[in-house]
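# Structural features, examined
If you want the building blocks of each chain, they are given just below.
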Amino acid sequence: MQLPKVNEKEMLAFLTGLLNTPSPTGLTEPAIRYVEQAFADLVGVTMKRTRKGALLISLPGQRQDAPRALTAHVDTLGAMVKEIKSNGRLALTQLGGYAWNTIEGEGCTVFAHSGEKVRGSILLTTPSAHVHAAQVSETKRSAETMEVRLDARTESEADTRALGIEVGDYVAFDPRVEVVNGFVRSRHLDDKAGVACIFAAAQAMNRAGVKPLQTTYVLISNYEEVGHGAAAGIPAEVQELVAVDMAAVGGGQTSDEFHSTLCVKDSGGPYHHGLSERLRSLADEAGIAYHVDTYPYYGSDGEAYWRAGGDVAVALIGPGVDASHNYERTHTDALLATAQWVMAYLLN
Ligand SMILES: [Zn+2]
């Protein structure tokens, strides 16, 4: 099977730009717009927003008798202001599931209700080695023991309110993107890497002048990290859904940063066997090296659609991401393999 060639440089540029566009779940419009602008360059593509704020892209196919869908999500982990404390610092409530220690020391931006963007960092409430001694290492990291220190002169709740900050304001963590030796190290590769793989595949096919076998919708979802992203937005005529989301790398897993993985089971149970087997055959025929894995603590937008009543076959593929929901890393090889796999599926 001959596949169009992915432009690696443009794929990485798209990914880096998306990673640098903050999009904690609930505040995803700029990231949705970024993806929309990139797809607008492709010939024949039509797009619309769902009422929920997701982006539905339509890639016209050679046939329309069994429409398909792909999905990946632009929303990421993040936080919201829970409380403006009497010392002027901010207590947080989490958006998505992660351990508090994974954001310790990170720079952040508070998207103030006033429209201002206020910079700061996330620290333990007792962070100083010279003042708090053993508490620095011994304190359990939690909503109560972590806070945002704002880069503004504020020593009281009133000072912070004067900056325009209110309870409920969104907080985004710095992604700290770096591309080195083929590795991409950044927060939020989950699932901006998946979005980049779909974009790279669609762009390569578009430039080669080849259409998907079946008309295919791409849902760029915006509420995956809280469990209901693709619950809405997939057109009812769709018969198959392939979710493109990160593969879980770690001890006991077959997944790694250099391959794409087919996930056959996660916390939500097994995926669709027939569609999964077809994806394996397509990868074999296209010469794409891949892994098959199960993920112990994981759910996807494919399952969100199943739970919402979607009557489709669902499968899940994606690039291996190390240290997921932490300071993540993947490799260009995994991104290219995933983009190729998406093309092999779209064309057959
Ligand atoms: Zn994800």
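Above this text you will find the structure in question.
Fair warning: this is a prediction, and the values are worked out from it, not measured in the lab. (Residues numbered from 1 in each chain as written. Predicted model: local features only at pLDDT ≥ 70, side-chain atom pairs only at ≥ 80, totals over all residues. Heavy atoms only, no water.)

### Let's talk about the overall build of the protein chain
Broken down by element type, the protein chain carries nine helices and 19 strands. A globule of 348 residues ought to have a C-alpha radius of gyration of about 20 Å, and the protein chain, at 21 Å, matches this closely. Overall, the C-alpha framework of the protein chain stretches about 65 × 40 × 40 Å when taken along its three principal axes. With 348 residues in all, the protein chain has 55% of them scored as buried. (Helix = DSSP H or I, 4+ residues; strand = E, 2+ residues; numbered from the N terminus. Rg over C-alpha atoms; globule rule 2.2 N^0.38 Å. Buried < 20%, exposed > 50% of the residue type's maximum accessible area, 1.4 Å probe, protein only.)

### Section: the coordination of the zinc ion
Around the zinc ion, the donor atoms from the protein are H73 (NE2), D190 (OD), D245 (OD) and D245 (OD), and they sit 1.8 to 2.5 Å away. Here the zinc ion binds four donor atoms, and the angle range of 52 to 140° at the metal identifies the geometry as irregular. Taken in sequence order, the residues that donate to the zinc ion follow the motif H-x116-D-x54-D. Separated by 55 residues along the polypeptide, D190 in helix α6 (residues 189-208) and D245 in the loop between β13 (240-244) and β14 (247-248) bring together distant segments of the chain. Residue classification places D190 among the buried residues on the basis of a relative accessible area of 7%. (Donors = N, O, S within 2.8 Å, 3.2 Å for Na, K, Ca; no water. Tetrahedral: all angles 85-135°; square planar, octahedral: opposite > 155°, others 65-115°.)

### Here's the deal with the packing of aromatic side chains
Scanning all chains against the criterion turns up nine aromatic pairs. Geometrically, the ring pair formed by F14 and Y34 is tilted, given 5.4 Å between the ring centres and 45° between the ring planes. In this pair, F14 sits in helix α1 (residues 8-19) while Y34 sits in helix α2 (residues 29-39), placing the two residues 20 residues apart along the sequence. Residue classification places Y34 among the partly exposed positions, given a relative accessible area of 23%. The interplanar angle of 20° and the centroid separation of 4.4 Å between the aromatic rings of F14 and F199 together place this pair among those described as stacked. (Phe/Tyr/Trp six-rings, centres within 6.5 Å; stacked < 30°, edge-to-face > 60°.)

### Notes on α1
Under the 1.5 Å per step criterion, the end-to-end length of α1 is 16 Å for 12 residues, consistent within 8% with the ideal 16 Å. Within α1, burial applies to M11, L12, F14, L15, L18 and L19. Projected down its long axis, α1 shows its buried positions confined to an angular sector of 160°, all on one face. Against α2, β10 (178-180), β11 (183-186), α6 and α9 (332-347) lie the buried residues of α1. For α1, the N-terminal cap is N7; the gap from its side-chain oxygen to the backbone nitrogen of K9 is 3.2 Å. (Expected span 1.5 Å × (residues − 1). Arc of directions from axis to C-beta. Contact = heavy atoms within 4.5 Å. Polar contact = N/O pair within 3.5 Å; in protein donor to acceptor, adjacent residues only side chain to side chain.)

### Comments concerning the sheet that holds strand β19 (residues 328-331)
Backbone hydrogen bonds hold the strands of a sheet together, and the pairing may be parallel or antiparallel. Read across the sheet, three strands follow the order β10-β11-β19 without closing on themselves; strand pairing throughout is antiparallel. A strand with exactly one partner marks an edge of an open sheet, and here the two such strands are β10 and β19. For this sheet, the mean angle separating the axes of adjacent strands, direction not counted, is 20°. Judged from the three bridges that link them, β10 and β11 form a sheet pairing that is antiparallel. Bridging across to β11, E178 finds its partner in R185. (Pairing = 2+ DSSP bridges. Axes fitted to C-alpha atoms, helices over the stretch in contact; angles between N-to-C directions.)

### Remarks on the packing of α2 against α6
Any two packed helices are characterised by how steeply their axes cross, that is the angle between the axes, and by the distance between the axes. Between α2 and α6, the shortest axis-to-axis distance is 11 Å and the interhelical angle comes to 15°. Here α2 lies roughly parallel to α6, going by the angle between them. Crossing geometry of α2 relative to α6 is assigned as right-handed. Counted together, V35, A38 and F39 of α2 and V195, I198, F199 and A202 of α6 form the full contact between these two elements. In terms of residue class, the contact of α2 with α6 is built from seven nonpolar, no polar and no charged. (Parallel < 35°, antiparallel > 145°, perpendicular 65-115°, else oblique. Left-handed = near helix turned anticlockwise from the far one by under 90°. Nonpolar A, V, L, I, M, F, W, Y, C, P; charged D, E, K, R; others polar.)

### Points about the pattern of salt bridges
Under the definition given, this model contains 18 salt bridges. A salt bridge links R49 to E29; its shortest N-O distance comes to 2.7 Å. Taken together, the residues R49 in strand β1 (residues 46-49) and E29 in helix α2 connect sequence positions 20 residues apart. In this structure, R329 engages E257 in a salt bridge whose closest nitrogen and oxygen atoms are separated by 2.7 Å. Remark: E257 occurs in the loop between β14 and β15 (260-266) and R329 occurs in strand β19; sequence separation between them is 72 residues. Overlapping salt bridges, with partners in common, bring together E29, R33, E36 and R49 in one network. (Salt bridge = Lys/Arg side-chain N within 4 Å of Asp/Glu carboxyl O.)

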